[in-house]
Amino acid sequence: MTTAPLSLEHLIRPSSVTEGKPPVLFMFHGYGSNEEDLFTFAPELQPEFCVISVRAPYPMQPFGNAWYAINFDAQQGKWSDDEQAVQSREKIVAFIDEACEIYGLDKNKVTLLGFSQGTILSYAVALSYPEKIKNVVALSGYINEGILKIGYKEKNHENLKIYASHGQVDQVIPPEWAQRAPEFLKKLGIEHVYEEFPVGHGVAPQNFHSFKKWLDDKI
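What comes next concerns the included structure. Remember, it's a predicted structure, so these values are computed and weren't measured experimentally.

Structural notes on unusual backbone geometry
Note that the residue after Q61, namely P62, is joined by a cis bond; omega there is 0 degrees. Relative to the helices and strands, P62 resides in the loop between β4 (58-59) and β5 (65-66). For S116, which is not glycine, the phi torsion reads 55 degrees and is therefore positive. With respect to the secondary-structure elements, S116 resides in the loop between β8 (110-115) and α3 (117-128). Taking relative accessible area as the criterion, S116 reaches 9% and is therefore assigned buried. Of note, S140 is a non-glycine position whose phi angle comes to about 55 degrees, a positive value. Take S140: it is sitting in the loop between β9 (135-139) and β10 (161-167).

Examining the sheet that holds β9
Reading across the sheet, the seven strands line up as β1-β3-β2-β8-β9-β10-β11 and stay open at both edges, with mixed pairing between neighbours. Looking at strand neighbours, the two that pair on one side only are β1 (10-13) and β11 (191-197), the edges of this open sheet. Each strand axis lies, on average, 15 degrees off the axis of its neighbour in the sheet, ignoring direction. As judged from the five bridges shared by β9 and β10, these two strands associate in the parallel manner. Looking at β10, one finds that N135 is bridged to K161.

What to know about α3
Here α3 is twelve residues long and its end C-alpha atoms lie 16 Å apart, about the 16 Å a rise of 1.5 Å per residue gives. Most of α3 is tucked away, with twelve of its twelve residues classed as buried. Regarding α3, the residues found buried are Q117, G118, T119, I120, L121, S122, Y123, A124, V125, A126, L127 and S128.

Definitions and cut-offs
Residues numbered from 1 in each chain as written. Predicted model: local features only at pLDDT ≥ 70, side-chain atom pairs only at ≥ 80, totals over all residues. Heavy atoms only, no water. Helix = DSSP H or I, 4+ residues; strand = E, 2+ residues; numbered from the N terminus. Buried < 20%, exposed > 50% of the residue type's maximum accessible area, 1.4 Å probe, protein only. Pairing = 2+ DSSP bridges. Axes fitted to C-alpha atoms, helices over the stretch in contact; angles between N-to-C directions. Expected span 1.5 Å × (residues − 1).

What follows is the structure, encoded as C-alpha cells:
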C-alpha cells in the first residue's frame, strides 16, 4: 500500500484482513530517529495489524526528528519542551483520526507502540484520550504528567490496556522513572503489565517476543 499525503510522514504495512476494517498499530520513534527505525519490527508483528510508522514533526540537525525539543543547559541541566510535546500530542491524535479515515481502518482497534520519546507521547495520547486508544506498548519511556490533557483523571480508562517495559541499566531514561508507571496506571484502573530486561536503552529480543505475545489477544 502506498502512503497517502497526510499531516505526518509515515510508512505503512498493509493488514492481511480483507473484509471489513482492519485493526491498526501506530509506531512512534525516539528522539533523533525516524519512521524507519521501529518499522523494522513490522514484518514480525501480527499480520492482522495495519502497521503505520510515523515520523516526528520536528526535524533535527544534521539528521533525525523529534516529538519535542530536549535542551541541555549548563545552569538548568537537561529539560524538555512540554509545550511542544503537547502540540505533538494533538498532532498525533489528529493523524490517527486522519489515517483511520483515509486508509479505512478500525478506529475502535487502535494500538500505539512507542520507544523512548515516542513512548512518552504514546502515554500522553492514550491517557488523555482513552476513548480513542485500545492498547499501548510503551518501550523504554515514562509518563510525563505535565503533558497530559487537563481533566484526564475524570475520563474512563477501563478499556485501555498497557504493556510497559524498561532496561535495567538504561543510561538515557532512569529505570526508576519508568517504575512509577504501574502505580500511576493502577490508580486509573488500567489493566497493565510492567517488565524489565537486563539491557540499556534499547529493545532486547526477549522484550520483543514478550510484547508480541502480549499483543496476540489484543487485536
